Structures are given as structure tokens and as C-alpha cells.
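Take a look at the letters that make up each chain.
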Amino acid sequence: MVLLNLMYLNCLTAIFTFIHNSLSDLESLRESFTHLIIPPTMSRRRKPIPILEKVEIIDAGSEGKALARVDNMVVFVPFVVPGDIVDLQVTRRKKNFYEAKAIKFHHYSDKRVEPKCEHFGLCGGCKWQIMPYGDQLKYKQKQVVDNFERIGKLDTSGIDPILPSANEYFYRNKLEFTISNRRWLTEKEMADGWPEDTNGLGFHLPGMFDKIIDINNCYLQAEPSNSIRSSVREFARENNFTFYDTKAHVGLLRNLVVRTAITGEVMIIVVFAEDQDDNIRLLLEHLKTSFPEITSLMWAVNKKLNDTIFDQAVHLYSGNPFIIEEMEGLKFKVGPKSFYQTNSEQAYNLYKIAREFAGLKGHETVYDLYCGTGTITNFIARSVKKVVGVEIVPEAIDDAKHNSELNGIKNTSFFAGDLAKLLNEEFISSNGAPDIVITDPPRAGMHPKVIDQLLNALPEKIVYVSCNPATQARDIDMMREKYELTKIQPVDMFPQTHHVENVCLLVKRP
Ligand code: SAH
């Protein structure tokens, strides 16, 4: 009888969980929680899925997943580390690879470390926390070598050791939080009865637009980030402010952006979804008086279906409408919509490497392609004759020009446009042929037309900064007849993640 009651209770809990979180969410949660060894479930929608037994994890691969090899098939597995021996449940079968989740650990790798963060496993950030930092660096270096050798057939014997980040945690200068009335409820909360308060302030669960993890503590951004986020949540709860409902599109509080700078300045942007003037003022005044370290307090009302505030008016409540970043005495104004590299300290090291690779003498015309807000452009301007920055986002180009002005830099010029179209013979003849090109494209790499134009312009050196060694290797391979790859320097901008930045020097062949 007791057993039956228990089964009944379990069943009810499962139904509640199902209703709240939906079946696909559950699958995802299980996937994220494999390190806690949740037993496998038989999906009601699919055929039973194969279990691979006692598989050794042998490598840490791309996209933050580790890798095993079973019968010559590559298997990608999240939240495990090389050296773990696990049973795997296959979640996806493709022609060339499987995706799987660990459902039982037979042996924990000696290299494994305890994750620092209580949200590990559920949160999509910091997936490599279970690996010591030294190992993270080793696998990032390997990622560059593997991609360069496999995709570009490039010689990597001269690669420099990856430059570690001085801060393994608290290195980000920007975090964007979501405020929602649908926080992720744990199975325990469900079992303990339906919680009254399902509001939360934190990050989206990976792949789920309508669920957020209520973050208690995040190791990515230094104080006052955690205190301000907690204070917003507490104040909202005390005052019965409504949290945004992504489905019904109602609720007052929608997003919170915290930006910090090397100078110690702090910008807060609170995004509301309703015009409740009195409540908006109450919260902003609370932040202003409780956190005197906020130098820029801003707010916006966003009633659109998506979260981006790029097309919304952002208002100033107190302080300045920007914060100031600083590098070698240069000042950069960062507004609520401006891009700035998210690890300020390491961005400085990255730029120093790019400048050193360029070997500037002072007489050069340099192109800075994909220049964003012109940080590299302005950073090297004092060392050359002139720099031409090109970028697709017009607002970023406005910031770039503004930052030249702010620093009294007169030898830069900036152009907004798609490089694939803008960079042509006419552009090159009107701006002067480049002696050196610095290029820092997005993950997709350079458009073939941009590569063609570089091969026409034939600068003496190309410094290629990339956040994706695969596309970087592809692009360098396309230039190999005319350029020799002489230096490779990986840089770690994002500890606890699989992301790696890489700087290469290409020198024109004689
Ligand atoms: N060098 C910059 C960051 C560059 S990030 C810095 O250090 O701050 C890559 C940039 O490429 C982004 O700003 C993006 O807007 C821009 N971009 C993407 N596609 C582009 C294109 N087709 N033409 C020009 N710029 C592009």
C-alpha cells in the first residue's frame, strides 16, 4: 500500500513536472544533468536508444563537448572529461558521428575537478569547469593545431603556447540577464509541492527561449554584478513587481544588463516591458541609492517580441550615458549599445600581439577589417601613417569615429558596409593600397570575395585574428600560394569554456 502510494505520488510529481517543463525540456535537463547520473529514460516517442558501455572519454572536442570513439565512430558527450569511463546513451545518430549523454560513471578521471558553480550542468556557460585550467589550455591549443592540420593542411610546428587569461573567473565585463516568471523548477521543488513563486532572474537554459535559471551566484563577472542582480530580484519581490511572461508578453521586468570597465565604472541597463512609470522610478531610485558605484544607470521599455534593445530608445536615469574603458592611456567610450571585447584585460594582450605581429615602423597604411568599434584601429593609430577601419554595423562605425576624436587621433578613417561589397579596387585606390592588413572576422571567417581582394591588394603582411580556428585555417589555406604562415599564437579570452582566440601572421612570399 505504502509502495502504491509512493508510486502514485511519484506519478503525480512526474505529471506536474511534465506540465511545467514540457517533455523536450525534460530531455534537455537530463542531458545537462548527466554528471549527476540521472538514470536513462525510455522516450515515449522514440524507439529504445542504444547504450554504449564502459566507454573511455579520450578528448575534449569542439562546442564544449568531450569525445569518445566507439567502433570507429566519433561520439560527442557533454559534461564529461578525458579519462572518465562511462556508460553512454546515444541521443542522436548521424552518418559520421553520434551524440550521447553519460548515464553512469564507472571511473572518474583523475583530472576531474569539482565545479565551482552551483549552476553547473544546467547553465550553458562555463562547461569546462570540471577540467583544471591547465588542461583547458592544453585542449584549446590542440583545437587550433587539429583544425590547422586537418582543414588547412598547415604546418603548426612553430605554434606558440597559448596565452592564459590572468583571471580564470570574473573576467567578463558584460552580462545580460533575463527576468522571467518561468524559472526552471527542479524535480525536488516539484516533489516538495508546487512553489508559489516561479519568478527568476538569470540566464536562459541552453536551447530554451522561455525558461531561465534563477542565478544565485555567477563567477563570470566581478562585483557589484552579483549584488546588483540579487538586489533587483529582492526589491522586485518585495514590491510585487511582475516578471516578464515570454508567452503572454506581459510583466514589468524583462532584462538586466551589467557592464563593467577596467576603470571601475559600472553601467546598469534595466529593461522593462510595461510603462509603469512609478514602479520604474522606484526600482531605479533604489539602485541609485543602494549602489553608488553605478556610474551609468540606464533604462528602456521594450514591448517587442524579441529581447534586443538595439532598435529601442535607451534612457539615462543618472550618471553618464556611457562608461569609459582604457588601454595604454587611450579612452574608449562604451555606450549601452556599443560592442567592446568582453574580457578587457585579455583584449589588451590580444591587441598587443596583433600589433607586435604587424611589426609597425610608422610609415605604413594599415587596413583594419571587421573593425567593430575601432578598438584595434585606434590602438595602432599612433604607430602608423594611417589606418582604415571597415565594419558592417553603422553604429559601431559612429563609435569608432567618436573614439578617434576622444583621443585626438587624426589618422584614422572609417567606413560602414559589407566588406564583401565594399572592399574592391576602387576602395583600395581611393584609400591607398595597404602595407599591412589586420583582419578580425566573425566566426564564419572571411567571405571569398574579401580573400580575393586581399590577394589582389597583396599587402606585405596580414595579421589574422580569429575566434574560430576552423574557418581561419580554411581562409589561410586559400591564401597559401601567396602567403607564408609564419606565426600562430592562441589566446584564451574565455576560461571555463571551449572558446579559443587565435592570432596568425601571414607574410607575402617573395
Ligand atoms: N575587431 C573588433 C571585433 C570584431 S568582431 C574588436 O576587437 O573590437 C567582428 C566584427 O565583424 C563585428 O563587429 C561584425 O559586426 C563585423 N562584421 C560581420 N560581418 C561583416 C561584413 N560582412 N562586413 C563587415 N563587417 C562585418
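Residues numbered from 1 in each chain as written. Predicted model: local features only at pLDDT ≥ 70, side-chain atom pairs only at ≥ 80, totals over all residues. Heavy atoms only, no water.

**Things to note about the site of the ligand**
By nearness alone, 16 residues border the ligand, and Q341, Y351, E391, D418 and D440 come closest of all. At 2.5 Å, a side-chain N or O of Y351 approaches an oxygen atom of the ligand. Between the ligand and the protein, one listed contact pairs an oxygen atom with a side-chain N or O atom of E391 at 2.6 Å. Here the shell around the ligand is composed, by residue class, of 9 nonpolar, 4 polar and 3 charged. (Near = heavy atom within 4 Å. Polar contact = N/O pair within 3.5 Å; in protein donor to acceptor, adjacent residues only side chain to side chain. Nonpolar A, V, L, I, M, F, W, Y, C, P; charged D, E, K, R; others polar.)

**Some words on helix α9 (residues 394-406)**
Here α9 is 13 residues long and its end C-alpha atoms lie 18 Å apart, about the 18 Å a rise of 1.5 Å per residue gives. Taken together, the buried positions of α9 are occupied by A396, I397, A400, N403 and S404. On an axial view of α9, the arc spanned by its buried residues comes to 120°, and they lie on one face. Counted as exposed and oriented over 90 degrees from the buried face of α9: E395 and E405. Check the buried side of α9 and you find it contacts β15 (330-334), α8 (375-381), β17 (386-391) and β18 (412-416). G408 lies just past α9 and shows a positive phi near 65°. (Helix = DSSP H or I, 4+ residues; strand = E, 2+ residues; numbered from the N terminus. Expected span 1.5 Å × (residues − 1). Buried < 20%, exposed > 50% of the residue type's maximum accessible area, 1.4 Å probe, protein only. Arc of directions from axis to C-beta. Contact = heavy atoms within 4.5 Å.)

**With respect to the domain arrangement of the protein**
Each assigned domain of the protein is listed with its residue range as follows: domain 1 (2-37), domain 2 (51-112), domain 3 (142-167 + 343-508) and domain 4 (174-327). The centre of domain 2, based on its C-alpha atoms, is set 36 Å off from the matching centre of domain 3. Across the contact, 5 residues belong to domain 2 and 4 residues belong to domain 3. A buried area of about 300 Å², summed over both sides, lies between domain 2 and domain 3, and 41% of it is on carbon and sulfur atoms. In this structure, the connection of domain 2 to domain 3 is made through 1 salt bridge. (Domains from an automatic or database assignment. Buried area = accessible area lost by both parts, 1.4 Å probe. Salt bridge = Lys/Arg side-chain N within 4 Å of Asp/Glu carboxyl O.)

**Some points on the nonpolar core**
Core analysis: the biggest nonpolar cluster contains 78 residues, and L253, L256, I268, V270, L287 and V463 have the highest contact counts within it. The residues that make up this core include at least three from each of domain 3 (142-167 + 343-508) and domain 4 (174-327). Counting residues in each nonpolar core, the second largest holds 35 residues, with V390, L423, M446 and L455 among its members. (Core = buried A, V, L, I, M, F, W, Y, C linked by side-chain atoms within 4.5 Å.)

**Focus on the packing of helix α5 (residues 225-238) against helix α6 (residues 277-290)**
Where α5 contacts α6, the two axes come as close as 11 Å, and the packing angle between them is 140°. The hand of the α5/α6 crossing is right-handed. For the pair α5 and α6, the contacting residues are I228, S231, V232 and F235 in the first and L282, L283, H286 and L287 in the second. Along the lines of polarity and charge, the residues of the contact of α5 with α6 split into 6 nonpolar, 2 polar and no charged. (Axes fitted to C-alpha atoms, helices over the stretch in contact; angles between N-to-C directions. Left-handed = near helix turned anticlockwise from the far one by under 90°.)

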